[in-house]
Amino acid sequence: MTQTATSALPLDERLERGELVVFERCPFALPAGEDLRFLLARELDGVSKSITLFPASGLMGGHRPESRAEVARLKGLLAEFNREATAWLARALPRYHAAMRLGPLRFRNVEERGRNYDPRLTGALLHVDANSDQAALGDSFLRVFVNINPEQVREWVTSEQLPALLDRWGDRVREPGEGAPAMPTRLRLRLGRALGIGLPAETSYDRLMMRLHFFGKTDPYLQEQAPKTRWVFQPGSAWLVFSDIVSHAVVSGRYAIDQTYLTPAESFRDIERSARAAIERFWAGKTATLPI
Ligand code: SIN
Ligand code: FE
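Residues numbered from 1 in each chain as written. Chains lettered and ligands numbered in written order. Predicted model: local features only at pLDDT ≥ 70, side-chain atom pairs only at ≥ 80, totals over all residues.

Draft legend 1. Focus on the overall build of the protein chain. When helices and strands are tallied, the protein chain shows nine helices and ten strands. Within the protein chain, the proportion of its 292 residues that are buried is 38%. For the protein chain, the proportion of contacts with a sequence separation of at least 24, taken over those separated by at least 6, is 84%. (Helix = DSSP H or I, 4+ residues; strand = E, 2+ residues; numbered from the N terminus. Buried ≥ 20, exposed ≤ 12 C-beta atoms within 10 Å, placed from the backbone. Contact = placed C-beta atoms within 7 Å.)

Quick look at the structure:
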């Protein structure tokens, strides 16, 4: 199934409701011509799952060692993708752009169908994203994907969202004493919001998200029984999703680039729909959506 971005609701509202929003044509400039051909010819180092650039530091890894000029060209093209995507984000989603931290950019240049991977590392099993390489510290993962393959579609499935998964799995993923808030969650959130400050960095947040990520991949309910939506992303299309809130899996495709933006709960239109609010409610013992 594909959808176009035709809904009358604002984009941030749609994302926070757990929608995956598709743009049939990527709304920012993409590498073309010789640059695209150069990108599509790059290879992995034989160990990594993708080529990764950390745009904030300029560090890059996962690529096959090549001449200095080729490495510089690759890094330049990926950095340019980041600049274009981020400039678009500033226009389309200013509330997130103003508050976000830049996460990694990944260039996924290997065919996903039939890829043989450690089940803990594969994106082919349904999962919610947890921190990879960079602690979330309570921020959500807003991810912009682009299918830069000129010929072939990329396919995904999506399924249940974080609050429903917490309801289902809560007792099995919780560790004793984990994340017990010092005072009732809602009060803390209200207080934090009133004072305009975030809650203190919560490392148990990242540990819990990582356990949820792995738990989902082994859970027969999520993998087999849960309701699923199938997505076919055309060449040149882009899609956005809060990937720690919406469970997802890649089915097939080659040559996608995605940029992660670590988005604080405070920048949500409705903080209660953030991943952190869902986790805070879970820790407080009530995962049902609270009245606003
Ligand atoms: C992911 O699971 O976050 C990545 C999916 C993909 O490679 O398209
Ligand atoms: Fe993922």
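Draft legend 2. Fine view of unusual backbone geometry. Residue Leu137 is not a glycine yet carries a positive backbone phi of 50°. Phi is positive for Tyr255, close to 70°, though the residue is something other than glycine. Among the structural elements, Tyr255 can be located in the loop between strand E9 (246–252) and strand E10 (256–263). A count of 22 C-beta atoms within 10 Å places Tyr255 in the buried class.

Draft legend 3. Representation of the environment of Arg101 in the model. With respect to the element layout, Arg101 can be found in strand E4 (residues 101–108). Residue classification places Arg101 among the partly exposed positions, given that 14 C-beta atoms sit within 10 Å. Each C-alpha atom, one on Arg101 and one on Pro264, is 8.6 Å from the other, the two residues being 163 residues apart in sequence. Excluding its chain neighbours within four sequence positions, the residues that come into contact with Arg101 are Asp139 and Leu262.

Draft legend 4. Spotlight on the sheet that holds strand E6 (residues 154–161). Taken in spatial order, the three strands line up as E7-E6-E9 in an open sheet, and their pairing is antiparallel. Among the strands making up the open sheet, the edge pair consists of strand E7 (229–233) and E9. On average, adjacent strands in this sheet sit at an angle of 25° to one another, irrespective of strand direction. Relative to E7, E6 runs antiparallel, the two sharing five bridges. The residue of E7 that forms the bridge with Trp156 is Trp231. (Pairing = 2+ DSSP bridges. Axes fitted to C-alpha atoms, helices over the stretch in contact; angles between N-to-C directions.)

Draft legend 5. Highlighting the packing of helix H5 (residues 162–173) against helix H9 (residues 275–283). Two elements in contact, H5 and H9, have axes separated by 10 Å at closest approach and are oriented at 25°. It follows from the interaxial angle that H5 and H9 lie roughly parallel. For the pair H5 and H9, the crossing hand works out as right-handed. For the pair formed by H5 and H9, the contact residues are Leu162, Pro163, Leu166 and Gly170 on the first element and Ala275, Ala278 and Phe282 on the second. (Parallel < 35°, antiparallel > 145°, perpendicular 65-115°, else oblique. Left-handed = near helix turned anticlockwise from the far one by under 90°.)

Draft legend 6. Region of the structure containing the pairing of E6. Note that E6 and E9 share five bridges and pair antiparallel. In the sheet register, Gln161 faces E9, and the bridge partner there is Val246.

Draft legend 7. Representation of the site of ligand 1 within the structure. Near ligand 1 you find Arg108, Gly123, Asp129, Ser243, His248, Val250 and Ala256, and these make up its full shell. Residue classes in the shell around ligand 1 are distributed as two nonpolar, three polar and two charged. (Near = placed C-beta within 6 Å. Nonpolar A, V, L, I, M, F, W, Y, C, P; charged D, E, K, R; others polar.)

Draft legend 8. Summary view of the sheet that holds E4. Strand order in the open sheet formed by seven strands is E1-E8-E5-E10-E4-E2-E3, and the pairing between neighbours is antiparallel. Edge positions in the sheet fall to strand E1 (21–23) and strand E3 (59–61), since each of these pairs with one other strand and no more. Strand-to-strand twist in this sheet, taken as the mean axis angle between neighbours without regard to direction, amounts to 15°. Where strand E5 (residues 140–147) and strand E8 (residues 238–242) come together, five bridges link them in antiparallel fashion. Its bridge partner being in E8, Val146 is matched across the sheet by Ala238.

Draft legend 9. Spatial organisation of the environment of Met210. Within the fold, Met210 resides in helix H7 (residues 203–218). According to the C-beta neighbour criterion, Met210 is partly exposed, with 15 such atoms within 10 Å. Through-space distance from the C-alpha of Met210 to that of Val128 is 8.9 Å; in sequence the pair is 82 residues apart. Residues in contact with Met210, not counting those within four places in the same chain, are Ala130 and Asn131.

Draft legend 10. The nonpolar core, seen in detail. Counting 60 residues, the largest nonpolar core has Val146, Leu162, Trp239, Phe242, Ile257, Ala278 and Ile279 as the members making the most contacts within it. Here this core takes six residues from H9, the largest share from any one element. With residues up to four places along the chain from it excluded, the contact list for Leu162 reads Val128, Asp244, Ile245, Ala275 and Ala278. (Core = buried A, V, L, I, M, F, W, Y, C linked by C-beta atoms within 7 Å.)

Draft legend 11. Summary view of the pairing of E5. In terms of burial, E5 is a largely internal element, eight of the eight residues being buried. Residues Ser140, Leu142, Val144 and Val146 of E5 are buried on one face, and the alternating residues Phe141, Arg143, Phe145 and Asn147, pointing to the opposite face, are buried as well. In this sheet, E10 lies alongside E5 in antiparallel orientation, the contact comprising eight bridges. Note on E10: the bridge partner recorded for Arg143 is Thr260.

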